[in-house]
Amino acid sequence: MKPRQIKEGIFWMGSLDWDRRLFDALIPLPDGTTYNAYLVHGQDKTVLFDTVDIPLVSEILDQLQDVEKIDYVISHHAEPDHSGGVPAVLEKYPDAKAICTEKCKAMLMDRFEIPEDRFQTVADGETLDLGGRTLEFLHMPWVHWPETMVTWLKEDGILFSCDLFGSHIASTDLFVRDKARVFEAAKRYYAEIMMPFAKLIARHLERLASYDIQLIAPSHGSLYDEPAFILDAYREWISGKPHNLVVVPYVSMHGSTRMMVDFLTDELVQRDVGVMRFDLSEVDIGKLAMALVDAATVVIATPTVLTGPHPKALYAAALANLIRPKAKYASIIGSYGWGTKVVDQVAAALPNLKVEILPPVLGKGIPKKEEKAALSDMADQIAERHRQL
Ligand SMILES: Cc1cc2nc3c(=O)[nH]c(=O)nc-3n(C[C@H](O)[C@H](O)[C@H](O)COP(=O)(O)O)c2cc1C
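Criteria and thresholds
- Residues numbered from 1 in each chain as written.
- Predicted model: local features only at pLDDT ≥ 70, side-chain atom pairs only at ≥ 80, totals over all residues.
- Heavy atoms only, no water.
- Helix = DSSP H or I, 4+ residues; strand = E, 2+ residues; numbered from the N terminus.
- Buried < 20%, exposed > 50% of the residue type's maximum accessible area, 1.4 Å probe, protein only.
- Axes fitted to C-alpha atoms, helices over the stretch in contact; angles between N-to-C directions.
- Parallel < 35°, antiparallel > 145°, perpendicular 65-115°, else oblique.
- Left-handed = near helix turned anticlockwise from the far one by under 90°.
- Contact = heavy atoms within 4.5 Å.
- UniProt positions renumbered as here; feature names shortened; annotations may be inferred.
- 1 Å grid on protein atoms, 1.4 Å probe; cavity = no way out; pocket = protein on both sides within 12 Å on 5 of 7 lines; lining within 4 Å.
- Points joined across faces, edges and corners; volume = space filled by probe spheres on them.
- Nonpolar A, V, L, I, M, F, W, Y, C, P; charged D, E, K, R; others polar.
- Pairing = 2+ DSSP bridges.
- Near = heavy atom within 4 Å.
- Polar contact = N/O pair within 3.5 Å; in protein donor to acceptor, adjacent residues only side chain to side chain.
- Areas by Shrake-Rupley, 256 points an atom, 1.4 Å probe, with all protein chains shown as cover.

Per an unreviewed UniProt entry, the chain is named Flavorubredoxin, and its organism is Desulfatibacillum alkenivorans DSM 16219.

Structural data, given as structure tokens:
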């Protein structure tokens, strides 16, 4: 794709990766993704913000064909989906410097063996005059690695936000137009990438509140020319109270655990509690992660396999533990045959969750009177707690 003008002297570059279906060998990409780079001309200096992923570097080199001089390539984040083209850009422009944080420099040297003299590191709050355009570098660790920064372009009111506010979506909309679609993609991105660092991001958002942002230009997905759309969404995802919602990741080999899930679902619905269920045998983990942004309670449902939980249930527990949702309550239900250590093993997989564990319900074979009574009791307890949210 050819460069696209955002405004006088400022261009989108980068790649649309329409067919990519997996990120980090883990995260499903139902809508592909983009790697956004940006070219900004000042009267004196020209800068390139970030590049593209390694397999697509030739695209950005094509886009730079007619650009005679680049003074700086700004590397907000060392992850190769943005920094993949930095070595090639430095090679094409032998006088250019890579601007980044100290930590990012070390990571880029480790990953790409870029010589140290090609770097110019910047402190938090440091500025760079391009001639009529001023950049301010804002260190924002953990959005999404410890070395990450964003850049504020003062005169134009543009925040180059790197992964912050990103969305994995390959779209020809330069600016967000289909808000419903972008909301879903940005929430999925938040859930998978940003939620583990929600508390730190809340502080970054406070800092950004003093900037009069006109446009947010992230490294993935369309640009936000109505920044309030994504800023408000982030505030809600981070600080909004948990919803009256139970997320039930479940797996069942022969149907017994599933019968428990069905029964519990009914009991919760009768008490006006929302339920989202995810069959872990064929789950889109992005959808599960999105549900975890909002849920007040997580109930993991698993049969016993070789004394412990089914490996897919353990995987869901590990995932929930990694992304640190704001859920306040959790429990475990499931069926077994003769003996089980499911509860201890699932609970041990959730150390990051600051949750009250409600009494688990395990039963032999299909759920009978006793297990059904216990599941009704669980629904009572959840409904009561959700009323206090
Ligand atoms: C591979 C395999 C291993 C199992 N290991 C255990 C076990 O260690 N302890 C136990 O109590 N039941 C064990 N079971 C029995 C199941 O937990 C039991 O049949 C349960 O009701 C299955 O639930 P489901 O119908 O939801 O799949 C095992 C079953 C299978 C297929």
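**So, unusual backbone geometry**
Residue H144 is reached from V143 by a cis peptide bond, and omega for that bond is 25 degrees. Structurally, H144 is set in the loop between β11 (134–139) and β12 (149–153). For A25, which is not a glycine, the phi torsion comes out positive at approximately 50 degrees. On the basis of relative accessible area, A25 is assigned to the exposed category, the value being 74%. The residue C162 is not glycine, and still its phi comes out positive at about 55 degrees. Turning to its location among the elements, C162 is positioned in strand β13 (residues 158–162). Exposure remark for C162: the relative accessible area of 1% places this residue in the buried category.

**As for the packing of helix α6 (residues 198–208) against helix α7 (residues 227–239)**
Two numbers describe how α6 lies on α7: the axes approach to 10 Å, and their chain directions differ by 140 degrees. In terms of axis orientation, α6 runs oblique to α7. Handedness of the crossing formed by α6 with α7: left-handed. Contacts between α6 and α7 involve A198, I201, A202 and L205 from the former and L231, Y234, R235 and I238 from the latter.

**Notes on the UniProt feature "domain: Flavodoxin-like" (unreviewed entry) in the chain**
As recorded in UniProt, the feature "domain: Flavodoxin-like" (unreviewed entry) lies at residues 246–383. When the span residues 246–383 is considered, its composition is 43% helix and 26% strand, and the gap between its end C-alpha atoms is 10 Å.

**Quick notes on empty space enclosed by the protein**
Inspection of every chain in the model, using the stated rule, returns two cavities of 30 Å³ or more. Taken as a whole, the largest cavity spans an internal volume of roughly 90 Å³. At the level of elements, β2 (10–17) and β5 (33–41) are the ones that each hand at least two residues to the lining of the largest cavity. Tallied by class, the residues present in the lining of the largest cavity amount to six nonpolar, five polar and two charged. Taken as a whole, the second largest cavity holds about 40 Å³ of empty space. Taken together, the residues of the lining of the second largest cavity break down into three nonpolar, no polar and three charged.

**As for the sheet that holds strand β6 (residues 46–49)**
Across the sheet, seven strands lie side by side as β1-β2-β5-β6-β7-β8-β9; this open sheet has mixed pairing. Across the chains shown, the open sheet's two edge strands, defined by having one partner strand only, are β1 (4–7) and β9 (119–121). Between one strand axis and the next, the sheet turns by 25 degrees as a mean value, whatever way the strands run. Looking at chain direction, β5 and β6 are connected through four bridges and run antiparallel.

**Points about the site of the ligand**
The environment of the ligand is formed by 16 residues, the closest being S252, M253, T304, T307 and S335. Here M253 contributes a backbone N or O atom positioned 2.6 Å from an oxygen atom of the ligand. Take H254: an N or O atom from its main chain is 2.7 Å from an oxygen atom of the ligand. Computed on the free molecule, the ligand has an accessible area of 640 Å², of which 80% lies beneath the protein chains in the complex. For the shell around the ligand, the secondary-structure elements that each account for two or more residues are α8 (256–270), β18 (304–305) and β20 (329–336). Residue composition of the shell around the ligand, by class: six nonpolar, ten polar and no charged.

**Focus: the pairing of β5**
Every other side chain in a regular strand lies on the same face of the sheet, so the side chains alternate between the two faces. Of all nine residues in β5, eight are buried, a share of seventy percent or more. Relative to β5, β2 is paired through eight bridges, and the arrangement is antiparallel. Bridge pairing links S15 to Y35 in β5. From the end of β5 to the start of β6, which pair antiparallel, there are four residues.

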